[in-house]
Amino acid sequence: MRETGTETDRPRRRRGAARERLLSAAARRFYADGVAATGIDTITAEAGVAKMSLYNNFSSKADLVRAYLDARHEEWLGLYRRRLEGARDARGGVLAVFDAYADHAAFAYEHGFRGCGLLNAAAELPVGDEGRAVVRRHKEEVESLLAGHLEEMLPGRTEEARAMAEHLAFLLEGAMARAGLEGAGTRLEHARTMAVDLLDRL
């Protein structure tokens, strides 16, 4: 069967496939072993591509790390959006954020759950690194999503809604840190129960 597409399209598809394999391998190794401990050779070997293929797709390891962090952010947003589809109201929207974190913890990780992959990576990056800015923007977006749902629950009480969003964000991040240390999502379940109690008091 003849391969479809032009001569130009085929190399582009191959590069796209190599990029995805490299990102997938980087995601596994960065999460399991850490950013600093994972070298380029490890990633290319796991991806099954030549080292030159990595540099054809990423300008440096730092560029690959940023792509990994962007991909983790999009992955979480996907989990949140799926949960949001089942939410009946703004209260359900708040809980969708918590449920998306629990879904993240429930993945079948190679060496078990180690907490937030974004924060784990940020802890290894130097101050001023663009990767840390990616993680900060992710956390700010999570808090903003919480605030948006809470503002819908508390019309005309914007400051109260934003304060509660910060409170819930702290609750969520603390639970995520403990869950990562314990290797299970139990703390996230507890955090969700606490969030329900707080929402019931509004």
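Residues numbered from 1 in each chain as written. Predicted model: local features only at pLDDT ≥ 70, side-chain atom pairs only at ≥ 80, totals over all residues. Heavy atoms only, no water.

- Under an unreviewed UniProt entry, the name given to the chain is Helix-turn-helix domain-containing protein, and the source organism is Streptomyces bugieae.

Thoughts on the nonpolar core
Part 1: By size, the foremost hydrophobic cluster in this structure holds 60 residues, and its most contacted members are L69, F98 and L168.
Part 2: Where this core is concerned, the elements lending two or more residues are α1 (9–33), α2 (40–47), α4 (61–85), α5 (90–105), α6 (117–124), α7 (130–153), α8 (158–182) and α9 (186–200).
Part 3: If one sorts the elements of this core by residue count, α8 sits on top with ten residues.
Part 4: Contacts of L69, omitting those with residues within four sequence positions, involve L118, A121, L125, G131, V134 and V135. (Core = buried A, V, L, I, M, F, W, Y, C linked by side-chain atoms within 4.5 Å. Buried < 20%, exposed > 50% of the residue type's maximum accessible area, 1.4 Å probe, protein only. Helix = DSSP H or I, 4+ residues; strand = E, 2+ residues; numbered from the N terminus. Contact = heavy atoms within 4.5 Å.)

Overview of the packing of α5 against α9
Part 1: Close contact between α5 and α9 brings their axes to 10 Å; oriented N to C, the two are set at 175 degrees. As far as their axial angle goes, α9 and α5 are roughly antiparallel. Mapping the contact onto sequence places R91, V94, L95, F98, D99, Y101, A102 and A105 in α5 and L188, A191, R192, A195, V196, L199 and D200 in α9.
Part 2: Looking at the contact of α5 with α9, its residues break down into eleven nonpolar, no polar and four charged. (Axes fitted to C-alpha atoms, helices over the stretch in contact; angles between N-to-C directions. Parallel < 35°, antiparallel > 145°, perpendicular 65-115°, else oblique. Nonpolar A, V, L, I, M, F, W, Y, C, P; charged D, E, K, R; others polar.)

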